Amino acid sequence: MKRKAVCPGSFDPITNGHLDIIERASQLYDDLIVAVLVNPEKAGLFDVNSRMSMIRESTAHLSGVTVDSFHGLLVHYCRDQGIEVIVKGLRAISDFEYEVQMAQMNRGLTGIETVFMPTGPEHGHLSSSLIKAVSHFGGDVSHLVPAPVLERLRERGED
Ligand code: PNS
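One structure accompanies this document, and this report is about it. (Residues numbered from 1 in each chain as written. Predicted model: local features only at pLDDT ≥ 70, side-chain atom pairs only at ≥ 80, totals over all residues. Heavy atoms only, no water.)

If you check which residues of helix α6 (residues 147–155) are buried, you get Pro148, Val149, Leu150, Arg152 and Leu153. Looking at the buried residues of α6, the elements they touch are α2 (48–58) and α5 (128–136). Once α6 finishes, Gly157 follows within two positions and takes phi at roughly 70°, a positive value. (Buried < 20%, exposed > 50% of the residue type's maximum accessible area, 1.4 Å probe, protein only. Helix = DSSP H or I, 4+ residues; strand = E, 2+ residues; numbered from the N terminus. Contact = heavy atoms within 4.5 Å.)

Turning to the nonpolar core, a few remarks are in order. In terms of nonpolar packing, the biggest core is built from 31 residues, with Ile14, Ile22 and Val87 touching the most fellow members. Breaking this core down by element, the ones donating at least two residues are β1 (4–9), α1 (16–28), β2 (31–37), α2, β3 (65–70), β4 (85–90) and α6. For Ile22, the residues in contact, after removing those within four places along its chain, are Cys7, Phe11, Ile14, Leu32, Val34, Thr59, Leu62 and Val65. Judged by nonpolar contacts, the second largest core, of 11 residues, contains Val6, Ile33, Tyr77 and Ile86. (Core = buried A, V, L, I, M, F, W, Y, C linked by side-chain atoms within 4.5 Å.)

Below, the discussion takes up the side chain of Arg51. Considering the arrangement of structural elements, one finds Arg51 in helix α2. By relative accessible area, Arg51 is classed as buried at 6%. A distance of 2.8 Å separates a polar side-chain atom of Arg51 from the backbone oxygen of Phe46. Excluding residues within four positions of it along the chain, Arg51 makes contact with Ser10, Phe11, Asp12, Val36, Leu37, Ala43, Gly44 and Phe46. (Polar contact = N/O pair within 3.5 Å; in protein donor to acceptor, adjacent residues only side chain to side chain.)

Before going further, it helps to examine a nonpolar patch on the surface. A cluster of nonpolar side chains, Leu73, Met105 and Leu109, forms an exposed patch at the surface whose accessible area comes to about 300 Å². For Leu73, a relative accessible area of 44% translates into the label partly exposed. (Patch = residues over 30% accessible without salt bridge, like charges linked within 9 Å, V, L, I, M, F, W, Y side chains within 5 Å. Areas by Shrake-Rupley, 256 points an atom, 1.4 Å probe, with all protein chains shown as cover. Salt bridge = Lys/Arg side-chain N within 4 Å of Asp/Glu carboxyl O.)

Now for the site of the ligand. The full set of residues close to the ligand is Pro8, Gly9, Ser10, Leu37, Phe70, Gly72, Leu73, Leu74, Lys88, Met102, Met105 and Asn106. Residue Ser10 places a side-chain N or O atom 2.6 Å away from an oxygen atom belonging to the ligand. At a separation of 2.9 Å, an oxygen atom of the ligand approaches a polar backbone atom of Leu74. At three residues, the largest contribution of residues to the shell around the ligand is made by helix α4 (residues 93–110). (Near = heavy atom within 4 Å.)

A few words now on the environment of Asp30. With respect to the helices and strands, Asp30 occurs in the loop between α1 and β2. Through-space distance from the C-alpha of Asp30 to that of Glu155 is 35 Å; in sequence the pair is 125 residues apart. A polar atom in the side chain of Asp30 sits 2.6 Å from the backbone nitrogen of Arg3.

Here you go:
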């Protein structure tokens with residue numbers, strides 16, 4: 001049976017840290033869905049369609065990877081899509097506490113498992129928020145985001 005997993009997140013925008021996790025997870029599962037949360041309470045810098053386009057372009061070299069969006073509970077999305085595993089990247093111990101809480105809650109709700117993958121050390125300090133802040137004030141983020149993201153940031157005058 002094909003193993004299907006999800007990498008969920010806000011991806012506003014996708015960073016090289018996210019991409020590292022997606023690339024490595026795509027080696028472990030037959031089908032990997034990168035799922036962008038639609039959160040009406042949080043506008044973000046990029047709309048969901050732009051976030052999805054940037055992810056699609058950044059993962060075009062990977063087989064078995066598709067991009068989607070979801071709203072509501074992640075576990076309901078997983079149930080509807082036949083997804084068996086949630087893959088999450090862990091940067092530092094600070095991520096651990098909340099991520100474990102979510103993993104335990106999600107497993108308690110439907111039995112779905114969460115697999116944690118440590119980010120590469122070179123990506124341990126990356127977050128979409130930090131990248132947006134640095135880019136907004138003219139800092140160089142070209143080594144921190146995939147090319148399609150850099151292009152969008154430049155179009156918006158955010159670099
Ligand atoms: O990139 P982020 O913002 O850290 O991703 C967090 C995300 C989207 C994975 C998480 O907030 C989530 O799963 N949200 C969906 C709503 C949900 O299922 N909440 C209950 C979690 S226990």
